[in-house]
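Residues per chain are reported as follows:
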Amino acid sequence: QVQLVESGGGLVQPGGSLRLSCAASGSIVSINSMGWYRQAPGKQRELVADITAGVSANYADSVKGRFTISRDNANKKVYLQMNSLKPEDTAVYYCKMGITPALLRSSDYWGQGTQVTVSS
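Here goes a summary of the coordinates provided.

## Structural notes on the pattern of salt bridges
Now for step 1: Under the criterion given, the structure shown has 5 salt bridges.
Now for step 2: Residues lysine 96 and aspartate 108 are paired through a salt bridge, measuring 3.7 Å at the closest nitrogen-oxygen approach. Here the residue lysine 96 occupies a position in strand 9 (residues 91–101), and aspartate 108 occupies one in strand 10 (residues 107–110), the gap between them amounting to 12 residues.
Now for step 3: Taken together, the shared-partner salt bridges in this structure form one network comprising Arg38, Glu46, Arg66 and Asp89.

Laid out in structure tokens, this is it:
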């Protein structure tokens, strides 16, 4: 069974940094896209950044120049380096991966979410 586990969230002051990690486990044949989404209270889940297998990255306008997504294909991990954090970045952050498991069709898998709170 495929699972995604996130880590690295927490409380940080405005202007601070955090690094989120997400690791996939299970019987995985291949991983295509990897990405990070976030959902603030009372708002819809939105794309923060994603990165293709060919390491082409895409960012939401609100995080460009502050956040960097990267991936480690050998270890089935995706990272989100978040710098210059703002209170409006406060949300639950979710990772998503497009995975082809063994003996199954490819599908999108989500992590359980990790809370990021930016506050003084």
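## Some details on the sheet that holds strand 1 (residues 3–7)
Now for step 1: Judged by pairing direction, the sheet is antiparallel, and its 4 strands sit side by side in the order 1-3-8-7 without closing on themselves. A strand with exactly one partner marks an edge of an open sheet, and here the two such strands are strand 1 and strand 7 (67–72). Taken pair by pair, the neighbouring strands of this sheet meet at an average axis angle of 15 degrees, ignoring direction.
Now for step 2: Two strands pair when backbone bridges link them, and strand 1 and strand 3 (residues 18–25) are joined in this way by 5 bridges, in the antiparallel orientation. The partner of glutamate 6 across the bridge, within strand 3, is cysteine 22.

## Examining unusual backbone geometry
Both trends apply: most residues other than glycine have a negative phi, and most peptide bonds are in trans.
Now for step 1: The phi angle at lysine 76 is positive, at roughly 55 degrees, despite the residue not being glycine.
Now for step 2: Along the chain, lysine 76 turns up in the loop between strand 7 and strand 8 (77–82).

## Quick look at the packing of aromatic side chains
Now for step 1: Scanning the entire structure with this criterion turns up 2 aromatic pairs.
Now for step 2: Geometrically, the ring pair formed by tyrosine 94 and tryptophan 110 is edge-to-face, given 6.5 Å between the ring centres and 80 degrees between the ring planes. With tyrosine 94 in strand 9 and tryptophan 110 in strand 10, this residue pair connects regions lying 16 residues apart in the sequence.
Now for step 3: Among the aromatic residues, those joined into a ring-pair cluster are Tyr37, Tyr94 and Trp110.
Now for step 4: Here the guanidinium or amino end of arginine 19 rests over the ring plane of tyrosine 79, the centre of that ring lying 4.0 Å away.
Now for step 5: The side chain of arginine 45 reaches across the aromatic face of tyrosine 94, ending 3.7 Å from its centre.

## Thoughts on the environment of threonine 52
Now for step 1: Following the sequence through the fold, threonine 52 ends up in the loop between strand 5 (46–51) and strand 6 (57–59).
Now for step 2: In this structure, the C-alpha to C-alpha distance between threonine 52 and asparagine 32, residues 20 residues apart in sequence, is 6.2 Å.

## Examining the pairing of strand 11 (residues 114–118)
Now for step 1: A one-sided burial pattern is seen for strand 11, the buried positions being Thr114, Val116 and Val118 and the unburied ones Gln115 and Thr117.
Now for step 2: Where strand 2 (residues 10–12) lies against strand 11, 3 bridges are found, and the strand directions are parallel. Paired with glycine 10 across the two strands is valine 116, which belongs to strand 11.
Now for step 3: Note that strand 9 and strand 11 share 3 bridges and pair antiparallel. Counterpart to valine 92 in the pairing with strand 11 is glutamine 115.

Cut-offs used in this document
Residues numbered from 1 in each chain as written. Predicted model: local features only at pLDDT ≥ 70, side-chain atom pairs only at ≥ 80, totals over all residues. Heavy atoms only, no water. Salt bridge = Lys/Arg side-chain N within 4 Å of Asp/Glu carboxyl O. Helix = DSSP H or I, 4+ residues; strand = E, 2+ residues; numbered from the N terminus. Pairing = 2+ DSSP bridges. Axes fitted to C-alpha atoms, helices over the stretch in contact; angles between N-to-C directions. Phe/Tyr/Trp six-rings, centres within 6.5 Å; stacked < 30°, edge-to-face > 60°. Lys NZ or Arg CZ within 6 Å of the ring centre and 35° of its normal. Buried < 20%, exposed > 50% of the residue type's maximum accessible area, 1.4 Å probe, protein only.

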